[in-house]
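An overview of the molecular structure
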Amino acid sequence: MSYDPDALRLMHDEAQTRIAELSTALSIVTDQRNNLEDSLDSAIKELDAYKSHITALTSTVERLRLHIAQGVEL
């Protein structure tokens, strides 16, 4: 079996080009994933802050209901 050196060189060059394209695509996808992870972490922290705020507001509303039920003047 004989191999054509020019054909092998062309195949090698095409493979190298494809590898470079895939490496670039992987880098872009990795950056996007990292940005999405950062956004998710930020959103989770914001959600936790809202949950704490809602808990505090719920407590205040419950105290007001109790005062209203007891006839306490506000």
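So, a few notes on the structure that sits alongside this text. Predicted model only: the values in this text are computed from it and were never measured. (Residues numbered from 1 in each chain as written. Predicted model: local features only at pLDDT ≥ 70, side-chain atom pairs only at ≥ 80, totals over all residues. Heavy atoms only, no water.)

Our next topic: the overall build of the protein chain. The helix and strand inventory of the protein chain stands at one helix and zero strands. Counting only C-alpha atoms and orienting by the principal axes, one finds that the protein chain spans roughly 100 × 20 × 10 Å. With the model as given, the accessible surface of the protein chain reaches about 6,800 Å², and the carbon-plus-sulfur share is 61%. Across the protein chain, the 7 positively charged side chains and the 13 negatively charged ones have centroids separated by 10 Å. (Helix = DSSP H or I, 4+ residues; strand = E, 2+ residues; numbered from the N terminus. Areas by Shrake-Rupley, 256 points an atom, 1.4 Å probe, with all protein chains shown as cover. Lys, Arg positive; Asp, Glu negative; His and termini not counted. Charge placed at Lys NZ, Arg CZ, Asp CG, Glu CD.)

Overall, the coordinates contain four salt bridges when judged by the stated rule. With its nearest N and O atoms 3.5 Å apart, the salt bridge here joins Glu 21 to Arg 18. You can see Glu 21 and its partner Arg 18 sitting in helix α1 (residues 5-70), three residues apart, about one turn around the helix. On the basis of relative accessible area, Glu 21 is assigned to the partly exposed category, the value being 42%. Here Arg 33 and Glu 37 are joined by a salt bridge, their closest N and O atoms 4.0 Å apart. Here Arg 33 and its partner Glu 37 are both found in helix α1, four residues apart, which amounts to about one turn of the helix. (Salt bridge = Lys/Arg side-chain N within 4 Å of Asp/Glu carboxyl O. Buried < 20%, exposed > 50% of the residue type's maximum accessible area, 1.4 Å probe, protein only.)

Together, Tyr 3, Leu 8 and Met 11 make up an exposed nonpolar region whose accessible area comes to about 350 Å². Looking at Met 11, the relative accessible area reads 54%, which means it is exposed. (Patch = residues over 30% accessible without salt bridge, like charges linked within 9 Å, V, L, I, M, F, W, Y side chains within 5 Å.)

A few words now on α1. Taking 1.5 Å per residue, 66 residues should reach 98 Å; α1 reaches 96 Å between its end C-alpha atoms and fits that length. Of the residues one or two after α1, Gly 71 is the one with positive phi, at around 80 degrees. (Expected span 1.5 Å × (residues − 1).)

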